[in-house]
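Letter by letter, the chains look like this.
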Amino acid sequence: MMKIRGALLATSVLSLASGSAFASGFGVSYQSVSAMGTAYAGSGVLSEDATNQWYNPATLAGLHDAQFSLATHQVWIDTSFKADGASGPGDFEDVEPFVGSVFLAVPFNDRITFGLGINAPFGTKIEYEDNWGNQVAPGVTSGDFYAQESDVKTLNVNPAVGIQITDNLRLGAGLNYQQIDADIENAATRLEGDDDAFGWNVGLTYSADENNHFGIAYRSEVEYDIDGDITFKPAATGLPAALTFAGETSLDLPAALQLSYVGDLSDRTQLLLGVEHMYWHSLDRLVIDHAGPAPLPNPAVENFNWDDTTRYSVGLRHTLPSDTVLRVGLAKEQSSQDNDNRSAISPDSDRVWATLGAGFKPTENLSIDVAYAHIFVDDADINRQDGTKPPLAGTYELDANVIGAQLNYKF
């Protein structure tokens, strides 16, 4: 019984680093509607609006008017689980997350621009119905012991500055203050924890000539020391009442490298390319110290060995004579997991993005961007048995649709 409790504790804390956000791992890609229109290709070298600073702070130097951008995204996720063999009646609860971010850019002079971004770069909201997964006995299924609900939120505040060094070279740097708050629950345990931490980001853009523009940016890891409460339910302890203990663990959210290219095909048409590499190997394992009594294993250790991921993007941007901007994009993104280490909290798999977007300028100071993305996700097999839990084996079927609207105002 103590072995079961230790394994369930480790899995509950692991859920802090899990989620279905439809980016690699549990990252949230939806930070800019204008960038989503081209599947994020070229987003780290363009200076279309204040949202580009998220992908590369050097793009701030290309903004010469004070402005703010408010980006909103509505996400519809279609997910189902097909168990191998007999299964319970439960599946996923419908979840339709709304994601928002705000960015500000204020020039100090014609060479230096200050920026500020407030957004949620990581997070998840997933709910399962009761009695999901493989049926192991009448009225008993395996899925409830791996995940029931996950609600993980982050908030990132990112002041930055972009500097025009020469006519061809721009540099940028920023500081990130980030908070995490998590509430993770399965049939045996519940974990509630929070922390805050700091990170940094840097970048540059370089124009080789009038038609070819390059960008590179790096965002650091954010290292958390999470404190919280761990509740063991009767299913874990065999006791009639739940028990709660203090617990703590360290969690490193991954660094990211962004490469961007924009090529001017004509005065009105641009080819955009992008590569984003996420260093998910930082999530090698979690070591959880807690105040539970012996013989509960202390610390409890969970190994998950996530892989780094890369997203490759290509897009086109065309400006009509009316100043309306048309965008189209395609991206291929890798999964951080495979069949053996896939998490029930994170049914992550390889995916393809197909996007369309447009930008309108109703007045001199106001512009509006809209975009749509359909995300085709490969079926995700899972085959796990953690500790003495019943085995969980089956296939997740996933896809998602995203609609975004963004307001940009110069003042």
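Structural data are supplied above this passage.
Quick caveat, the model's predicted, so the values are computed rather than measured.

S.K.: It is not clear to me how the overall build of the chain should be interpreted in this structure. Could you clarify?
M.R.: Helix and strand content of the chain: three helices and 22 strands. Relative to the 2.2 N^0.38 estimate, which gives 22 Å for 411 residues, the radius of gyration of the chain is 23 Å and therefore close to what a compact globule would have. With the C-alpha coordinates aligned to their principal axes, the bounding extent of the chain is approximately 70 × 40 × 30 Å. The 411 residues of the chain split such that 55% are buried.

S.K.: Explain the nonpolar core here, please?
M.R.: Of all hydrophobic cores here, the largest spans 41 residues; its most connected members are Tyr30, Phe81, Tyr128, Trp132, Ala344 and Tyr396. Of all the elements in the fold, those that place two or more residues in this core are α2 (33–36), β1 (67–83), β2 (98–107), β20 (366–377), β21 (380–384) and β22 (392–410). Per-element tally for this core: the top contributor is β22, with five residues. Setting aside residues no more than four positions away along its own chain, Tyr128 makes contact with Asp91, Phe92, Glu93, Ala147, Gln148, Ala344, Ile345 and Tyr396. Formed by 20 residues, the second largest nonpolar core is a distinct cluster that contains Ile226, Met278, Trp280 and Leu286.

S.K.: Would you explain the packing of aromatic side chains in this entry?
M.R.: Given two aromatic rings, one states the distance between the centres and the angle between the planes to describe the pair. Applying the stated criterion across every chain yields a total of 17 aromatic pairs. With 6.1 Å between their ring centres and 45 degrees between their planes, Tyr40 and Tyr55 make a pair best called tilted. Taken together, the residues span a long stretch of sequence, with Tyr40 in the loop between α2 and β1 and Tyr55 in the loop between α2 and β1 at a distance of 15 residues. Neither Tyr40 nor Tyr55 differs from the other in exposure class; each is buried. Geometrically, the ring pair formed by Trp200 and Tyr218 is tilted, given 5.5 Å between the ring centres and 40 degrees between the ring planes. With Trp200 in strand β9 (residues 189–207) and Tyr218 in strand β10 (residues 212–219), the pair connects residues that are 18 residues apart, well separated along the chain. For Trp200, a relative accessible area of 43% gives the class partly exposed.

What counts and what doesn't
- Residues numbered from 1 in each chain as written.
- Predicted model: local features only at pLDDT ≥ 70, side-chain atom pairs only at ≥ 80, totals over all residues.
- Heavy atoms only, no water.
- Helix = DSSP H or I, 4+ residues; strand = E, 2+ residues; numbered from the N terminus.
- Rg over C-alpha atoms; globule rule 2.2 N^0.38 Å.
- Buried < 20%, exposed > 50% of the residue type's maximum accessible area, 1.4 Å probe, protein only.
- Core = buried A, V, L, I, M, F, W, Y, C linked by side-chain atoms within 4.5 Å.
- Contact = heavy atoms within 4.5 Å.
- Phe/Tyr/Trp six-rings, centres within 6.5 Å; stacked < 30°, edge-to-face > 60°.

That is the geometry; function is a separate question.
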